[in-house]
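The lines below spell out each chain.
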Amino acid sequence: MHTFLNPLTRLGSPTLDAPTTATTGLPSHRTIDPSILYLGTPVLLISTRNPDGTANLAPISSAWWLGKTGVIGMGTRSHTVANLCRAFECVLNVASVDLVTAVDRLAGTTGSNPMPAYKQAMGFRHVKDKFAEAGLTPLASEGVAPPRVAECPIQIECEVVHLREVGPPGEHSAAIEVRAVRTHVHEAILKPGHRHHIDPDKWRPLIMNFLEFYGLGPCVHPSYLAEVF
Ligand SMILES: Cc1cc2nc3c(=O)[nH]c(=O)nc-3n(C[C@H](O)[C@H](O)[C@H](O)COP(=O)(O)O)c2cc1C
């Protein structure tokens, strides 16, 4: 049986008997209330099918994976979520660092027409053909209707399994569970001699680090998991 904890009732509850910052000698922390918690995650371009059969494309960075199950976080007032609720499939095209200009061209655009008032107030534009806007090339998928982005080195065709609103009312956020049905990878990032392994030294993801674009630095330490998997 699950126990659902209400975090508010836990505020102010006593902490475990652990040293305080004053006694550890380690850097001290300040309690803050950040407006976003984008800690540094890869940027994806999600393609979905519009009602008229054309494709929409949008940058996202809220995504994580466990095996072939992925969860993406999206605003429910986006055109992408409307498409997902109707057609239940997408392609998650993972952007490499060299695609940053194309990705940034899509920031501030939406496939919604009319667009929600809050996006209008933020100066967003409606763009019907986001592939053309970004200068990216649509490529037919094999198992789903939305096209892949040819320039993205990793393309994951997905089915939507579950979509659930999350967060307090008025936050308009959804957690969307997807299942990877087919993954395509540019030959150039594969490990030589390994049919199914991406070479981390060759794969250069574009990272959204808080609201700025970054790349990855070099490998910093040998990895136990890399040895055992
Ligand atoms: C780099 C980047 C990352 C973004 N990450 C997310 C995200 O994780 N979730 C989300 O809902 N919107 C995210 N956005 C904003 C959406 O791209 C934006 O709402 C867009 O208008 C959605 O397009 P659509 O309305 O055509 O679906 C991100 C934008 C950029 C530029």
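Refer to the structure presented above.
### Topic: the overall build of the chain
No. 1: Along the backbone of the chain there are seven helices and 14 strands.
No. 2: C-alpha extents for the chain along the principal axes are approximately 60 × 50 × 40 Å.
No. 3: Going through the 229 residues of the chain one by one, you find that 33% of them count as buried.
No. 4: Counting only contacts in the chain whose residues sit at least 6 apart along the sequence, the fraction spanning at least 24 positions is 60%.
No. 5: Surface accessibility of the chain: about 14900 Å² in total, with carbon and sulfur atoms responsible for 58%.
No. 6: Averaging the coordinates of the 19 positive side-chain charges in the chain and doing the same for the 20 negative ones gives two points 3 Å apart.

### Some remarks on a nonpolar patch on the surface
No. 1: A surface patch of nonpolar side chains, about 530 Å² in accessible area, is lined by Leu37, Tyr38, Leu39, Phe210 and Leu211.
No. 2: Turning to its location among the elements, leucine 37 is positioned in the loop between α2 (21–24) and β1 (39–42).
No. 3: For leucine 37, a relative accessible area of 60% gives the class exposed.

### Re the environment of glycine 40
No. 1: Within the fold, glycine 40 resides in strand β1.
No. 2: Assessed through its relative accessible area of 32%, glycine 40 is described here as partly exposed.
No. 3: Considered as a pair, glycine 40 and isoleucine 207 are 167 residues apart in the sequence and their alpha carbons are 5.8 Å apart.
No. 4: Residues within four places of glycine 40 in sequence aside, it is in contact with Ile207, Met208, Asn209 and Phe210.

### Focus: unusual backbone geometry
No. 1: Of the consecutive residues asparagine 113 and proline 114, the connecting peptide bond is found in the cis state with omega at 5°.
No. 2: Note on placement: proline 114 falls in the loop between β7 (109–110) and α5 (117–121).
No. 3: Backbone geometry places phenylalanine 88, a non-glycine residue, at a positive phi of 55°.
No. 4: Inspection of the secondary structure assignment puts phenylalanine 88 in the loop between α3 (79–87) and β6 (89–94).
No. 5: Judged by its relative accessible area of 47%, phenylalanine 88 is partly exposed.
No. 6: At phenylalanine 210, a residue that is not glycine, the phi angle is positive and equals roughly 50°.
No. 7: When you line up the elements, phenylalanine 210 lands in the loop between β13 (207–209) and β14 (212–214).
No. 8: When its relative accessible area of 36% is taken as the criterion, phenylalanine 210 is described as partly exposed.

### Looking at the pairing of strand β5 (residues 69–75)
No. 1: Both strand β4 (residues 63–66) and β5 contribute to a ladder of four bridges, which runs antiparallel. The residue of β5 that forms the bridge with leucine 66 is threonine 69.

### A word on the pattern of salt bridges
Once their charged atoms are close, side chains differing in charge can pair, the charge on each being opposite to the other.
No. 1: Inspection of every chain in the model, using the stated rule, returns four salt bridges.
No. 2: The partner of lysine 128 in a salt bridge is aspartate 52, with the nearest N and O atoms 2.6 Å apart. Placement of the pair is lysine 128 in the loop between β8 (125–126) and α6 (130–134) and aspartate 52 in the loop between β2 (44–49) and β3 (55–60), with a sequence separation of 76 residues.
No. 3: Lysine 128 gets classed as partly exposed once you look at its relative accessible area, which sits at 42%.
No. 4: One salt bridge in this structure joins lysine 202 and aspartate 199, with 3.7 Å as the shortest N-O distance.
No. 5: We classify aspartate 199 as buried; its relative accessible area is 11%.

### Brief notes about the site of the ligand
No. 1: If you check the shell around the ligand, you find 21 residues, and the closest are Pro59, Thr80, Thr109, Thr110 and Gly111.
No. 2: One of the side-chain nitrogen or oxygen atoms of serine 62 is found 2.8 Å away from an oxygen atom of the ligand.
No. 3: Between the ligand and glycine 73, the relevant distance is 2.9 Å, taken from a nitrogen atom to a main-chain nitrogen or oxygen of the residue.
No. 4: Protein burial of the ligand: of its 640 Å² of free accessible surface, 88% is covered by the chains.
No. 5: Contributions of two or more residues to the shell around the ligand are made by β3, β5, α3 and β7.
No. 6: Among the elements that line the shell around the ligand, the one with the most residues is β3, at four residues.

### Quick look at the side chain of asparagine 50
No. 1: Tracing the sequence through the fold places asparagine 50 in the loop between β2 and β3.
No. 2: At 3.4 Å, the side chain of asparagine 50 forms a polar contact with the backbone oxygen of alanine 55.
No. 3: Setting aside residues up to four positions removed in sequence, asparagine 50 forms contacts with Ala55, Asn56, His79, Asn83, Arg86 and Lys128.

Rules used throughout
- Residues numbered from 1 in each chain as written.
- Predicted model: local features only at pLDDT ≥ 70, side-chain atom pairs only at ≥ 80, totals over all residues.
- Heavy atoms only, no water.
- Helix = DSSP H or I, 4+ residues; strand = E, 2+ residues; numbered from the N terminus.
- Buried < 20%, exposed > 50% of the residue type's maximum accessible area, 1.4 Å probe, protein only.
- Contact = heavy atoms within 4.5 Å.
- Areas by Shrake-Rupley, 256 points an atom, 1.4 Å probe, with all protein chains shown as cover.
- Lys, Arg positive; Asp, Glu negative; His and termini not counted.
- Charge placed at Lys NZ, Arg CZ, Asp CG, Glu CD.
- Patch = residues over 30% accessible without salt bridge, like charges linked within 9 Å, V, L, I, M, F, W, Y side chains within 5 Å.
- Salt bridge = Lys/Arg side-chain N within 4 Å of Asp/Glu carboxyl O.
- Pairing = 2+ DSSP bridges.
- Near = heavy atom within 4 Å.
- Polar contact = N/O pair within 3.5 Å; in protein donor to acceptor, adjacent residues only side chain to side chain.

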